[in-house]
Amino acid sequence: MLKILKNNHDKNIENLKRIMNAIINDYIYFPNYSHFYIIRQCYSFLNYPKSNDSKIVTKKFNYIKNIKDLNNINIDSANIKKIFFNRQGINDISHIKFGELISLTELDLSHNNIKSIEPLSKYKLPNLKKLNLAVNFIDDSNKEYFLKLDFPELTDFNIFENRLTDYEIFKCNNNKNLPKLQLVFFGGNIFKFPEKQIKHKELEFDLSSVIEIGFTRGVFSDTSIMFLSCFNLGNLQIIYLQGNNLTSLKFVEDLELPFIKEFWLYNNQLTEFEPLKKFKTLEKIEMENNKVNNLEELDTFIKQLPKLKKFNLIGNSIIYDLLIRNIIELLEEENKVKILINPQ
C-alpha cells in the first residue's frame, strides 16, 4: 500500500511517528515533508487524529512493476525531496516525470530490473545529491547517457553490480557535469580495458572531486588495475579494492594519492603489504583474508606510516608465535597503532 500524508502540523506529524514506531524494515514517509516511499505491507490509520487540513491518500499495490501506476496519485512533485523505489521489480523509469522533481535530493532505484537510464539523462536535476542505481541490469548501451548526466549538486553515485563493461563509463565527470561528486561505487561490474597500457595523458578519467571510491568484486585484475593510474583521484581519501583476486601491489607505484587515509584490500590474494608505505597519510589498512605470511618488514613498515591507527591482517597465513606476539605488542605500544592478527 502506498501511503501519502499531506499535513502541515508538526503535532500531527509527531502523532503519526508514534503510531509508526512499531514498523520495522519497511519504509514510510511524508511526501509533503519531502519524502516519498513505497511500502508493501498494509497498516491501519484508523487511530490517526484527523484534521481539516490533513489528508491520507492510499493506493494498493501487490508489487510495483511499472512506475506509470503512480500517475493517478495526486502529489506535488515540485516539493518531493526523496524518492525510494528500491526492490520494487521496476524495469521502466520512463514514466517518472523527472523534469518536475526540481527539489529532489535523493533518488534510490536500486535492486530493480532497470536497463536504461536515458530518462535520467534528459533532465538537469538541480538539487539531486544522492543517486543509487545499484543491482540493476544497466549495460554499455547506456554509455552516452552516463556522459550526459547533469547533476551539479550530486555527491553520492552508486552503480554497483550492473552489466557494465565499457571503461568509457569512467568519463562520466570529464565534462564537469558532476562537479561535487564525492562518493562513487563502480563495484560488481566486470570492466574491459585495452590489452596494452595507454599513456596517462591519452586516457584520463577526471574524478578529482571524489573522496571515496569503490572498485570491488571483479572490477580489476592484476593487469587491468594498472589503469588506475589513469584516474585523476587527487582528493581521494578512501579506496575499496576488495574481492578482485589481486596478487600484487605493484600498481600503487604509479598512483598519486596525497590525501589517502584508508586502503581496503580484503578478500584478495596478496602476499605483501610493503608497497603501501609510500602513502604517508594512511590511517587504516584492511587486508583481511589475503595470503600474507611474512612479517619481517612489519617493524619498518609501521614506523614509516606515522598516522596509521589500524592494520588488519586477520585471515592471512601468519604463524602467530610468541616472538610475533611480542613484536606486535611492542609496535602497538610505541606507535599507537592496532595490529590485528588471528592466532593460528
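Criteria and cut-off values
Residues numbered from 1 in each chain as written. Predicted model: local features only at pLDDT ≥ 70, side-chain atom pairs only at ≥ 80, totals over all residues. Heavy atoms only, no water. Helix = DSSP H or I, 4+ residues; strand = E, 2+ residues; numbered from the N terminus. Buried < 20%, exposed > 50% of the residue type's maximum accessible area, 1.4 Å probe, protein only. Areas by Shrake-Rupley, 256 points an atom, 1.4 Å probe, with all protein chains shown as cover. Core = buried A, V, L, I, M, F, W, Y, C linked by side-chain atoms within 4.5 Å. Contact = heavy atoms within 4.5 Å. pLDDT = per-residue confidence, 0-100.

Caption draft 1: Region of the structure containing the overall build of the chain. Along its length, the chain carries five helices and 16 strands. The buried share of the chain, taken over its 344 residues, is 47%. With an accessible surface of roughly 17200 Å², the chain has 47% of that area assigned to carbon and sulfur atoms.

Caption draft 2: Summary view of the nonpolar core. Ranked by internal contacts, the top residues of the largest apolar core, which has 85 residues, are Leu120, Phe215, Phe263 and Leu276. At the level of elements, helix 3 (143–148), helix 4 (298–303) and helix 5 (322–335) are the ones that each hand at least two residues to this core. Excluding residues within four positions of it along the chain, Leu120 makes contact with Ile93, Phe98, Leu107, Leu125, Leu131, Leu133, Leu149 and Phe151.

Caption draft 3: Summary view of the confidence of the model for the chain. Chain-level pLDDT for the chain is 80 on average; 75% of the residues reach the 70-or-more range. Across residues 1–13, where pLDDT falls below 50, the model places 65 contacts with residues more than four positions away in sequence or in other chains. Segment residues 15–66 is flagged for pLDDT under 50; beyond a separation of four residues in sequence, or across chains, it makes 122 contacts in the model.

Caption draft 4: Up close: the side chain of Asn268. Its place among the elements puts Asn268 in the loop between strand 13 (262–264) and strand 14 (284–286). When sequence neighbours within four positions are dropped, the list of residues in contact with Asn268 reads Leu241, Gln242, Gly243, Asn244, Asn245, Leu246, Asn289 and Asn290.

Caption draft 5: Up close: unusual backbone geometry. If you check the backbone angles, Arg87 has positive phi at about 60° while not being a glycine. Mapped onto the elements of the fold, Arg87 is located in the loop between strand 4 (82–84) and strand 5 (106–108). Here Arg87 falls in the partly exposed class, since its relative accessible area comes to 44%. Phi is positive for Val135, which is not a glycine, with a value near 55°. Here Val135 is to be found in the loop between strand 6 (130–132) and helix 3.

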